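Listed here are the chains, written in short residue letters.
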Amino acid sequence: MGLINGLMTTIKHVLQEKATFQYPEVERPVRERYKGRHALKRYDNGMEKCIGCALCAAACPADAIWVEAAENTDDERYSPGERYAKTYEINMLRCIFCGYCEDACPTEAIVLEHEYKLSFTDRRDSIYTKDMLIDPVPPGGQDTPHQVEPHSYDRPIPDMENPK
Amino acid sequence: MVTIYIDGVGYEVPAGTNLVDVAKFYADNDIPVFCYHPKMAPVGMCRMCLVEMGSVEKDKESGTVLLDEQGSPKIRWMPKMQTACTQTVYDGLAIRTNTQQVTEAREDIVEFLLTSHPLDCPICDKGGECPLQNLTMRHGPGVSVFYFEDKMHLAKHVPLGELIYLDRERCIQCARCIRFSDELAGDDVLAFHERGRALQIVTVSDPPFDSKFSGNTTDICPVGALTTADFRFGARPWELKEVPSIDPYGPEGANISLSTRLDRDSGGGIIIKRVMPRQNEHVNEIWISDKTRFGHHHTRHIDRLVTPLHREKNTLIETTWDKAFKQIIDKLKGATSVGAIAGPGLSNEDLWELRQLVLAVGGSEKSLGIWPATMSGGEVVKQVGIAKGSNFNTMGKGTVIVLVATDLEEEAPIWWLRAKAARDRGATVVVLNGRPTKMDRYAKFSLRHEYGDAVGAINSLTAHIVNGNHHKADRAEGFAELQKALKKVKADDRYAAAAEAIAGADNVVVFCGAEGVTLAQHAELMQACANVLILTGHVGRTNNGLIPVWPGANTQGAIDLGYTAEATAELLQNPPAVLIVAGCNPVGEDIAAANLRNADFVIVTSQFDTATTAIADVVLPQQSFAEREGTFTSGERRVQRFYAAQGVIGESFPDWKIFAQVRHAIDKSTAKVSAGAVMAEITKSVAAYSAMGYKNLAQVERQFPDVGGTDQYYGGTAYQNTGGIGVQWPVSAENAEAKLNVVPVSSEKSKAKGLLVVPTTLLYDRGMLFVRSEIMSLRIPPAHANFSPADAQKLKLQDGDMVEINLEGASLTVQIIVNETIPAGVITLPKCLSDQPGPFAPMVAGSIEKVAQALAATGD
Ligand code: SF4
Ligand code: SF4
Ligand code: SF4
Ligand code: FES
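As the structure is a computational prediction, the values presented were derived from the model and not from experiment.

(A) Here's a closer look at the overall build of chain B. Secondary structure summary: chain B contains 23 helices and 38 strands in total. For chain B, the C-alpha radius of gyration of 29 Å lies close to 29 Å, the compact-globule estimate for 860 residues. Counting only C-alpha atoms and orienting by the principal axes, one finds that chain B spans roughly 90 × 70 × 70 Å. Going through the 860 residues of chain B one by one, you find that 62% of them count as buried. In chain B, once contacts between residues fewer than 6 apart in sequence are set aside, the share between residues at least 24 apart is 73%. For chain B, the accessible area works out to roughly 32000 Å², and carbon and sulfur atoms hold 51% of it. Of the charged side chains in chain B, 84 are positive and 101 negative, and the gap between their average positions amounts to 2 Å.

Laid out in structure tokens, this is it:
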């Protein structure tokens, strides 16, 4: 009897839907709030959200982020305001995917996305540069730098609103 | 000392000091301030420092303090709060800083300031070391009752000149920048424009923000409203590593902090991102000149020499250190004569090793020259140099500051700033020169002498002092002879009042430069100054003595280690078989150095290709001050350390290491492995330097006022001194027993006829290091000469004409400026502005030919 009971359990599980995935042939979708590789976001017109403030780097407990800033001009504008990230690097071997950078960012420029397949054969390859991190230009948008009307993008951070 | 009460606790504090300062220093009570700055007169504009204030009640008859029931003093409080920054402490002053009233006042002020503040801290260069941020965190209300929509939006990128940018939104209108430029720097360059909410900072000078101290306003601005073009967005303050260093340009020895960081554009190496002042109340307080602040770009310039070069078939080609060393060693071993010329930026360690090398291969002290070779008088400094412990901060009423043959603001801006501050506190300034300079504005006595007659001018002073019986000859050795010689001096009456002021002063400091003075005359001029100081007893006491306005950051160190300008003069006349030129460019700067080509074998250490490397047989890449350790000795004989800040460029080496290795190969002496070890040897060999071990030099002390601690809101972003305040060596006059030599000096003028060309020194020139800082290029004037209107008329020249001036076989093409401050018969010719070498000593001009018309004059 005990034997049959045991076999019943086995048969029940054989007939059930499989819980395992044949990774890498089959990839399991991740949750909405999964924290994978970072992406640097753009505005709809293609301008970069990142203003090179390095607050993400300051917040990072693993010291994985490296930012060097430079100055925007209206003829060569990467982001709104005066400052943009000239160099932006994340060392994925150091990153612990805590998402503090996301929290620190004043412009919601850095977001931990769903990409998790990060593997390298060389330590140096673990450093993701700005080109690798930044989102593609949205349709209708234009790649940076932009040439813009003087004083049309003076403010780095979207204006604050009164509490509703 | 007086007793004051802060939050019920009594403190003993010095009378007459500022309440905010003493509260911080003695009671550790940080009264928040925005507009108040410890270095400037209070204005009470921002109201951030409001406190409750009162006075202790005293018994009218006996003056004893009345006590209340608890036994603490009875205090009569004022009905309204008062600004602490405008209050000088007096006995019985009481304040309360922790009451609800005070807390609310602080919250309100911060809230008001923030109503129109952009709060773009994330991109603000001050963010992280911002007084407004810090005070908002500590005293701000946290919420605001104002509407965000009502915020003022103003221009964020207003250039005030090409060096400083103003963000109008961030300005909180404290006027610190205006007050600094106006009161301290004496430059009327900034002003408020409009009123109320439209109030803004504007620059009122042309060229805009025309001040040699403009960078300091960015430090003391309590917000990020003023930023430098040099640093803008260079890094966040918390990412920077501060390395203590010393200004590589001037004789003042200004303490600086090099803010360094890795940089991808520079191949991932550590570079200097900005230069900030480091507090040293004995030296530069919290100020640096713009040359010091922005002149650091040579340290990583693309043209830096990165490998040794040697001459093959008349061109310099790259070689290895081994080959270069071998060549040098072979030459030095067989040399019939050896000489060395040491540049102004060589550290004491470099100078020592160079000296040891020259001595080891048969040279003597006579073959150790300094560059620039314009000033003499090292022996005089040993006797009567400014006494140890002197400090311009403590000079004021009763002090006389004498400037002789120097344009102090151009030659030593920090001394100028401090001397002027002393004058504002009541010191008397006496200027003796052939033309007016900026200091004349503040001088009580502006005395003009003919160029070439500086010694005569000082002799007049001496004669007045002796004739008027104002002298004290008790310590003067050789007074009888001097007195005899003075009989022949016709004392010019114009000097009488100044002589009296000097004789009657409590303290006298003499700055002695070399404008319009030949090297031979300069030795006499220094002695003449010493005569005045000795005979009036202004030697060997704090705040008394002579400060030579040396041409380089470490000229004093070179002189201490046996180098002289006289030796340079000799080397230029008769070049030795093997010549070592370390870190300078005589051939490119001075027409008198053309002769150096005749040396058989020339070894040059340099950071760049210059006219001097062009005559070299071996060129060795030298490290800049930022890449290595070492010490400089300032004109006040303060030995100070600087530390290695940035990564080494190419294969360059510090000079001391190069010379130590060469010597090691020649005489098998142990080559030192660190700059500290070289200094250890110096301390054993040079008496004056016996206390200069690196450990001593790194000593720090608490300084007042407190600036740049962890709480940087107080005095701006000058950095705390962690690298050492340095050690001064004493002069012989400080030994009260020592006799001091007074020597008659001849006041004969040269008899040559013709226009006298007087080389002058400008702060911003095309010197081989400074010119690499392109950010300053607009501030460096074109090669020019100043003519008096009379001479210009005689020669039919107009402002702006290009002329060719012929001098002793050399000729120089410059633009002329007709300048009414120049005396007739004189042309002043600033040094190092042209690619051609110019004169370093005054000399009579040969022919002067016009080569091009002024542009305006040709206008049709
Ligand atoms: S990603 Fe965000 S936090 Fe990081 S530098 Fe850019 S703007 Fe600043
Ligand atoms: S000045 Fe200070 S408070 Fe204002 S934006 Fe800059 S860092 Fe922030
Ligand atoms: S620019 Fe800075 S220092 Fe000048 S008034 Fe404004 S806040 Fe004050
Ligand atoms: S009013 Fe006192 S600090 Fe501004």
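Now that the structure has been shown, the text picks up again.
(B) Here's a closer look at the overall build of chain A. For chain A, the helix and strand inventory stands at four helices and five strands. Computed over the C-alpha atoms, the radius of gyration of chain A is 22 Å, more than 25% above the 15 Å expected from 2.2 N^0.38 for a compact globule of 164 residues. Considering only C-alpha atoms, chain A reaches an extent of 85 × 45 × 30 Å along its principal axes. Relative to its 164 residues, chain A shows a buried fraction of 38%. Partitioning the intrachain contacts of chain A with sequence separation of at least 6 by distance along the chain shows that 77% fall at a separation of at least 24. Of the roughly 10500 Å² that chain A leaves accessible, carbon and sulfur atoms contribute 52%. Taken together, the 20 basic and 28 acidic charged side chains of chain A have centroids lying 9 Å from each other.

(C) The arrangement of the sheet that holds strand S29 (residues 638-642) of chain B in detail. All names here are of chain B. An order of S28-S29-S30 is seen for the three strands of this open sheet, with the pairing classed as antiparallel. With one partner strand each, in any of the chains shown, strand S28 (630-633) and strand S30 (727-728) form the two edges of the open sheet. Summarising the sheet, S28 and S29 pair through four bridges and their orientation is antiparallel. Its bridge partner being in S29, Gly-630 is matched across the sheet by Phe-642. Contacting S28 and S29, helix H8 (residues 348-360) crosses the sheet at an angle of about 95° to S28.

(D) A look at the pattern of salt bridges. Residue and element names in this part refer to chain B. As enumerated under the stated definition, the model contains 56 salt bridges over all chains in all. The residue Asp-667 makes a salt bridge to Arg-663 at a minimum N-O spacing of 3.9 Å. Of this pair, Asp-667 and Arg-663 both sit in helix H19 (residues 655-667), four residues apart, which is roughly one turn of that helix. By relative accessible area, which is 9% here, Arg-663 ends up buried.

(E) Broad picture of unusual backbone geometry. Each neighbour pair has its own omega, and for A:Tyr23 with A:Pro24 the value is 5°, a cis peptide bond. Mapped onto the elements, A:Pro24 comes out in the loop between helix H1 (2-15) and strand S1 (38-40). For the bond running from B:Trp371 to B:Pro372, omega is -10°, close enough to zero to count as cis. Locating B:Pro372 in the fold gives a position in the loop between strand S18 (368-370) and helix H9 (378-384). Look at A:Phe97: it is not a glycine, yet its phi comes out positive at around 55°.

(F) Representation of the domain arrangement of chain B. By domain assignment, chain B separates into domain 1 (2-98), domain 2 (109-225), domain 3 (237-299), domain 4 (309-375 + 555-687), domain 5 (378-548) and domain 6 (756-857). Distance from the C-alpha centre of domain 1 of chain B to the C-alpha centre of domain 6 of chain B: 57 Å.

(G) Seen up close, the packing of helix H7 (residues 321-333) of chain B against H19(B). Residue and element names in this part refer to chain B. Two elements in contact, H7 and H19, have axes separated by 10 Å at closest approach and are oriented at 60°. With respect to their mutual orientation, H7 and H19 come out oblique. Viewed along their axes, H7 and H19 form a crossing whose handedness is right-handed. For the pair H7 and H19, contact is made by Trp-321, Phe-325, Ile-328, Ile-329, Leu-332 and Lys-333 and by Ile-658, Gln-661, Val-662, Ala-665 and Ile-666, respectively.

(H) Structural detail: the sheet that holds strand S21 (residues 445-448) of chain B. Residues and elements named next belong to chain B. Spatial strand order, S21-S20-S19-S23-S24: five strands in an open sheet with parallel pairing. Looking at the sheet topology across the chains shown, the edges are occupied by S21 and strand S24 (545-548). In this sheet, neighbouring strand axes are inclined to one another by 15° on average, regardless of whether the strands run parallel or antiparallel.

(I) Representation of the interface of chain A and chain B in the model. Taken together, the 26 residues of chain A in the interface contact 29 residues of chain B. In this structure, B:Asp125 and A:Arg83 form a salt bridge, with 3.6 Å as the shortest nitrogen-oxygen distance. Inspection of the region where chain A meets chain B yields ten residue pairs in polar contact (both at pLDDT 80 or more). Breaking the side of chain A that touches chain B down by element, the ones donating at least two residues are helix H2 (55-59), strand S2 (65-71) and strand S3 (83-91) of chain A. With six residues, the single largest contributor to the side of chain A that touches chain B is S2(A). Counted by class, the side of chain A that touches chain B contains 14 nonpolar, two polar and ten charged residues.

(J) Broad picture of the site of ligand 3. Around ligand 3, a shell composed of 13 residues is seen, among which B:Cys171, B:Cys174, B:Ala175, B:Cys177 and B:Cys221 lie nearest. For the shell around ligand 3, the per-class residue count stands at eleven nonpolar, one polar and one charged.

(K) Highlighting the nonpolar core. Residues and elements named next belong to chain B. Core analysis: the largest hydrophobic core is formed by 123 residues, its most contacted members being Leu-354 and Leu-432. Both domains that meet at this core, namely domain 4 (309-375 + 555-687) and domain 5 (378-548), each give it at least three residues. Setting aside residues up to four positions removed in sequence, Leu-432 forms contacts with Val-402, Leu-403, Val-404, Ala-405, Leu-447, His-449, Ala-457, Ile-458, Leu-461 and Tyr-495. One finds Leu-114, Ile-172, Ile-201 and Ala-783 within the second-largest nonpolar core, a separate group that totals 55 residues.

(L) Region of the structure containing a nonpolar patch on the surface. Residues and elements named next belong to chain A. On the surface, Met-1, Leu-3, Ile-4, Leu-7, Met-8, Ile-11, Val-14 and Leu-15 cluster together into a nonpolar patch covering about 940 Å² of accessible area. Summarising the element assignment, Met-1 is placed in the segment before H1. Met-1 gets classed as exposed once you look at its relative accessible area, which sits at 73%.

(M) Structural context of the pairing of strand S27 (residues 618-621) of chain B. Residue and element names in this part refer to chain B. Alternating residues of S27 divide into Val-618 and Leu-620 and Val-619 and Pro-621, and every residue in both groups is buried. Two strands pair when backbone bridges link them, and strand S15 (residues 309-312) and S27 are joined in this way by two bridges, in the antiparallel orientation. Paired with Leu-309 across the bridge in S27 is Val-619. In this sheet, S27 lies alongside strand S26 (residues 601-606) in parallel orientation, the contact comprising four bridges. Paired with Thr-605 across the bridge in S27 is Leu-620.

(N) Layout of the side chain of B:Ser606. Residues and elements named next belong to chain B. Tracing the backbone shows Ser-606 in strand S26. For Ser-606, a relative accessible area of 0% puts it in the buried group. A polar contact is formed between the side chain of Ser-606 and the backbone oxygen of Phe-608, at a distance of 2.7 Å.

(O) Inspection of helix H13 (residues 479-487) of chain B at higher detail. Residues and elements named next belong to chain B. Taken residue by residue, H13 has Phe-479, Leu-482 and Leu-486 as its buried positions. Taken down its axis, H13 places every buried residue within 60° of arc, on the same side. Residues of H13 that are exposed and angled more than 90 degrees away from the buried face: Ala-480, Glu-481, Lys-484 and Lys-487. Those residues of H13 hidden inside the fold are in contact with helix H12 (454-467), strand S22 (476-477) and helix H15 (519-535).

(P) The arrangement of the pairing of strand S35 (residues 810-818) of chain B in detail. Residue and element names in this part refer to chain B. In this sheet, S35 lies alongside strand S33 (residues 784-787) in parallel orientation, the contact comprising four bridges. In the sheet register, Ala-785 faces S35, and the bridge partner there is Ile-816. Pairing between strand S34 (residues 802-807) and S35: six bridges, direction antiparallel. Its bridge partner lying in S35, Met-802 is registered against Gln-815. Counting the residues in the hairpin turn of S34 and S35 gives two residues, including Glu-808, whose phi is positive at 40°.

Analysis parameters
Residues numbered from 1 in each chain as written. Chains lettered and ligands numbered in written order. Predicted model: local features only at pLDDT ≥ 70, side-chain atom pairs only at ≥ 80, totals over all residues. Heavy atoms only, no water. Helix = DSSP H or I, 4+ residues; strand = E, 2+ residues; numbered from the N terminus. Rg over C-alpha atoms; globule rule 2.2 N^0.38 Å. Buried < 20%, exposed > 50% of the residue type's maximum accessible area, 1.4 Å probe, protein only. Contact = heavy atoms within 4.5 Å. Areas by Shrake-Rupley, 256 points an atom, 1.4 Å probe, with all protein chains shown as cover. Lys, Arg positive; Asp, Glu negative; His and termini not counted. Charge placed at Lys NZ, Arg CZ, Asp CG, Glu CD. Pairing = 2+ DSSP bridges. Axes fitted to C-alpha atoms, helices over the stretch in contact; angles between N-to-C directions. Salt bridge = Lys/Arg side-chain N within 4 Å of Asp/Glu carboxyl O. Domains from an automatic or database assignment. Parallel < 35°, antiparallel > 145°, perpendicular 65-115°, else oblique. Left-handed = near helix turned anticlockwise from the far one by under 90°. Polar contact = N/O pair within 3.5 Å; in protein donor to acceptor, adjacent residues only side chain to side chain. Nonpolar A, V, L, I, M, F, W, Y, C, P; charged D, E, K, R; others polar. Near = heavy atom within 4 Å. Core = buried A, V, L, I, M, F, W, Y, C linked by side-chain atoms within 4.5 Å. Patch = residues over 30% accessible without salt bridge, like charges linked within 9 Å, V, L, I, M, F, W, Y side chains within 5 Å. Arc of directions from axis to C-beta.

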